[in-house]
Every structure is written in C-alpha cells, then in structure tokens.
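# Structural description and commentary
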Amino acid sequence: MNDNWVFINIPYDARYERLYLALISGLTALGLTPRCTLEVPPDKDRLKRIFHLINKCKYSIHDLSRVQLSGKKERLPRFNMPFEAGLSAALMLNKSKHSSRILESKCARPAAWK
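Keep in mind it's a predicted model, so treat the numbers as computed, not measured.

Analysis parameters
- Residues numbered from 1 in each chain as written.
- Predicted model: local features only at pLDDT ≥ 70, side-chain atom pairs only at ≥ 80, totals over all residues.
- Heavy atoms only, no water.
- Pairing = 2+ DSSP bridges.
- Helix = DSSP H or I, 4+ residues; strand = E, 2+ residues; numbered from the N terminus.
- Axes fitted to C-alpha atoms, helices over the stretch in contact; angles between N-to-C directions.
- Contact = heavy atoms within 4.5 Å.
- pLDDT = per-residue confidence, 0-100.
- Polar contact = N/O pair within 3.5 Å; in protein donor to acceptor, adjacent residues only side chain to side chain.
- Salt bridge = Lys/Arg side-chain N within 4 Å of Asp/Glu carboxyl O.
- Buried < 20%, exposed > 50% of the residue type's maximum accessible area, 1.4 Å probe, protein only.
- Core = buried A, V, L, I, M, F, W, Y, C linked by side-chain atoms within 4.5 Å.
- Parallel < 35°, antiparallel > 145°, perpendicular 65-115°, else oblique.
- Left-handed = near helix turned anticlockwise from the far one by under 90°.
- Nonpolar A, V, L, I, M, F, W, Y, C, P; charged D, E, K, R; others polar.

### A look at the sheet that holds strand β4 (residues 99-103)
What the 4 strands build is an open sheet, ordered β2-β1-β3-β4; its pairing is parallel. The strands lining the two open edges of the sheet, one partner per strand, are β2 (33-35) and β4. Strand-to-strand twist of the sheet, defined as the mean angle between neighbouring strand axes without regard to direction, takes the value 25 degrees. Here strand β1 (residues 2-9) pairs with β2 via 3 bridges, running parallel. Bridging from a neighbouring strand, Val-6 pairs with Pro-34 of β2. Against the sheet, helix α1 (residues 17-29) engages β1, β2 and β3 (57-63), with an angle of about 175 degrees to β1.

Okay, structure coming up:
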C-alpha cells in the first residue's frame, strides 16, 4: 500500500472536467498521487486490476453524484461507480489502513441537525 496514493472514482466527461481538475490539483498540492481506472486497460482482467489498484491506495474518493439513468432507449444506470465504491468498502472491512469518502450531489443532514 502506498500512503500517498488516492484512488479517484469520478465521471470522465466534459461536464465534470472543472471538478476533475480541481480534485487533481488539490490532491497534488497535498502531496498525494491521484490514481484512477483510466490507467487500467480494458481487458479480461479489468475487474481484478481495478481491485488491486484500489488496494494499493491508502485513500479513495468516490463521487456518486452522477449515478443516473442513461439517455438511451433502455434507460439503464451506470453501476461501475457504485460498484467501485463497494470494492473500497470491502477493503475497509478487511483492513483498517484503507480509508474512503463518498461524495453525493446533495448532503443528507442528520435528524439532529434540523
């Protein structure tokens, strides 16, 4: 495990580009090295490689704010981002050194805050 690596699980599209650049800049300024699935080639072992990449990172950030239905006729959601967050959660259950944060589009306030 590399203590300076952060796995980032975010949308890779033009709408997210500014937040992507801000996240990369902020992590780099903190002396951390962002890692992501763009590094993993699309082959038969992709799932295993993604899991190993997350496992090598001390931290992970999962932005689930854009998990939504596709614009296609089938209207299917993209499950890869929540699935990768689940892989991170499994690591946290297995070893205490991995830490992750999940970002969402709206903040759910605890009842005590109302």
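Now, onward.
### As for the confidence of the model for the protein chain
In regions of low pLDDT, the predicted coordinates are not meant to be interpreted in detail. Averaged over every residue, the pLDDT of the protein chain is 85; residues scoring 70 or more account for 84%. At the low end of the mean pLDDT range in the protein chain sits β4, at 88; at the high end sits β2, at 97.

### So, the side chain of Arg-35
With respect to the helices and strands, Arg-35 occurs in strand β2. There is a polar contact of 2.5 Å between the side chain of Arg-35 and the side chain of Glu-39. Aside from chain neighbours lying at most four places away, what touches Arg-35 is Trp-5, Val-6, Phe-7, Ile-8, Leu-53 and Cys-57.

### A closer look at the pattern of salt bridges
Taken as a whole, this structure holds 2 salt bridges when the rule is applied. Between Arg-35 and Glu-39 there is a salt bridge, with its nearest N and O atoms 2.5 Å apart. By relative accessible area, Glu-39 is classed as partly exposed at 38%. Salt-bridge contacts for Asp-43 lead to Arg-49; the nearest nitrogen and oxygen are separated by 3.4 Å.

### Some thoughts on the side chain of Thr-37
Structurally, the position occupied by Thr-37 is in the loop between β2 and α2 (46-56). If near-sequence neighbours (up to four positions away) are discounted, Thr-37 is found in contact with Phe-7, Tyr-12, Arg-46, Ile-50 and Glu-84.

### Notes on the nonpolar core
Counting 9 residues, the largest nonpolar core is built from Val-6, Ile-8, Ile-10, Tyr-16, Leu-23, Leu-27, Leu-32, Cys-36 and Ile-61. Taken together, the elements giving at least two residues each to this core come down to β1 and α1. Apart from residues no more than four positions distant in its own chain, Val-6 is found in contact with Leu-27, Leu-32, Thr-33, Pro-34, Arg-35, Cys-57, Tyr-59, Ser-60 and Ile-61. Of all hydrophobic cores here, the second largest spans 8 residues; its members include Leu-53, Ile-54, Cys-57 and Leu-91.

### Considering the environment of Ser-100
Considering the arrangement of structural elements, one finds Ser-100 in strand β4. The spatial distance from the C-alpha of Ser-100 to the C-alpha of Lys-58 is 8.4 Å, given a sequence separation of 42 residues. Setting aside residues up to four positions removed in sequence, Ser-100 forms contacts with Ser-60, His-62, Ser-88 and Met-92.

### Description of the packing of α2 against helix α3 (residues 80-94)
Close contact between α2 and α3 brings their axes to 10 Å; oriented N to C, the two are set at 50 degrees. One element, α2, and the other, α3, form an angle in the oblique class. The crossing of α2 and α3 is right-handed. Across from Leu-47, Ile-50, Phe-51, Ile-54 and Asn-55 in α2, the residues of α3 making contact are Phe-83, Glu-84, Leu-87, Ser-88 and Leu-91. Split by residue class, the contact of α2 with α3 holds 7 nonpolar, 2 polar and 1 charged.

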